Amino acid sequence: MKTQIFKFNSILVLVFGLFIASTSAKADNGYLVLSTLALHFENFDDRNAFTPGVGWEYSPSSKLGWHAGTLSDSFGFQSYYGGINYATRSVIAGRVRFLVGASVVHKQFKKNAEPETKLLPFPALEVKLSRRSVLNISGSPAVDFADQKNNAVMFFQYKLQLR
């Protein structure tokens, strides 16, 4: 039941984001996100590096934004995510931005385990490849507190402005 609610909310946020982006004067803040690779720092042989997925990100510079989407996680489970982000102004000839945020992620965190929903930090480096395309390098650091233990991972995403 919780998975169904999270799926519905992710799809709703994605569709709403596409609608807002298509009607907004600031359409350059919205991105179609294509998830591609996940590189794990531990137990890499037990995980899939190719993690196809799709999402939407609204990330205006120097303001709060949001992101939502779905992807095949490192074990092949169809996972979902959503959260908030803050993007800095572009630096280094207007080609690099930094994003920080938090995501609620529903995925399989351990091999042969049940999927779980967790709140994870997400720092990101965004590099502009062309006028409408961006490479996003993000991830989650190793988190070890209370009864939580997460493997550090680096995600590569291709983001495309649709306007």
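Worth saying up front: this structure is predicted, and the values here are computed from it rather than measured. (Residues numbered from 1 in each chain as written. Predicted model: local features only at pLDDT ≥ 70, side-chain atom pairs only at ≥ 80, totals over all residues. Heavy atoms only, no water.)

1. Describing the overall build of the chain
Now for step 1: Scanning the chain from N- to C-terminus turns up one helix and ten strands.
Now for step 2: Within the chain, buried positions represent 40% of all 163 residues.
Now for step 3: Of all intrachain contacts in the chain linking residues separated by at least 6 positions in sequence, the fraction that spans at least 24 positions is 49%.
Now for step 4: In the structure as shown, the chain presents an accessible area of about 9100 Å², 64% of it carried by carbon and sulfur atoms. (Helix = DSSP H or I, 4+ residues; strand = E, 2+ residues; numbered from the N terminus. Buried < 20%, exposed > 50% of the residue type's maximum accessible area, 1.4 Å probe, protein only. Contact = heavy atoms within 4.5 Å. Areas by Shrake-Rupley, 256 points an atom, 1.4 Å probe, with all protein chains shown as cover.)

2. Topic: the confidence of the model for the chain
Close inspection of predicted coordinates is inappropriate in any region flagged by low pLDDT.
Now for step 1: Here the chain averages 78 in pLDDT, and 73% of its residues register 70 or above.
Now for step 2: Element-level pLDDT for the chain is lowest in helix α1 (residues 2–23), with a mean of 49, against a maximum mean of 93 in strand β4 (residues 78–87).
Now for step 3: In the predicted structure, residues 17–25 sits below a pLDDT of 50 and forms five contacts with residues beyond four places in sequence or in another chain. (pLDDT = per-residue confidence, 0-100.)

3. A look at the pattern of salt bridges
Now for step 1: In the structure shown here, the tally under the stated rule is three salt bridges.
Now for step 2: A salt bridge links E57 to K159, with the shortest nitrogen-to-oxygen separation between them at 2.7 Å. Residue E57 is found in strand β2 (residues 50–58), and its partner K159 is found in strand β10 (residues 153–160); the two are separated by 102 residues along the sequence.
Now for step 3: The partner of K159 in a salt bridge is E126, and the shortest N-O contact between them spans 2.4 Å. Here K159 is found in strand β10, whereas its partner E126 is found in strand β6 (residues 116–128), with 33 residues between them in sequence. (Salt bridge = Lys/Arg side-chain N within 4 Å of Asp/Glu carboxyl O.)

4. Here's the deal with unusual backbone geometry
Now for step 1: Even without glycine at this site, I92 takes up a positive phi of about 50 degrees.
Now for step 2: Looking at the secondary structure, you find I92 in the loop between β4 and β5 (96–107).
Now for step 3: Classification of I92 by relative accessible area gives exposed; the value is 63%.
Now for step 4: Of note in this structure, A93 is not a glycine but carries a positive phi near 60 degrees.

5. Notes on the packing of aromatic side chains
Now for step 1: Tallied over the entire structure, the rule returns zero aromatic pairs.
Now for step 2: Its guanidinium or amino end placed over the ring of Y31, K159 lies 4.6 Å from that ring's centre, counting from NZ or CZ. (Phe/Tyr/Trp six-rings, centres within 6.5 Å; stacked < 30°, edge-to-face > 60°. Lys NZ or Arg CZ within 6 Å of the ring centre and 35° of its normal.)

6. Thoughts on the environment of L34
Now for step 1: For L34, the position within the fold is in strand β1 (residues 30–40).
Now for step 2: Put simply, L34 and T70 are 36 residues apart on the chain and 9.6 Å apart in space, counted from C-alpha to C-alpha.
Now for step 3: Apart from residues no more than four positions distant in its own chain, L34 is found in contact with G53, V54, Q157 and Y158.

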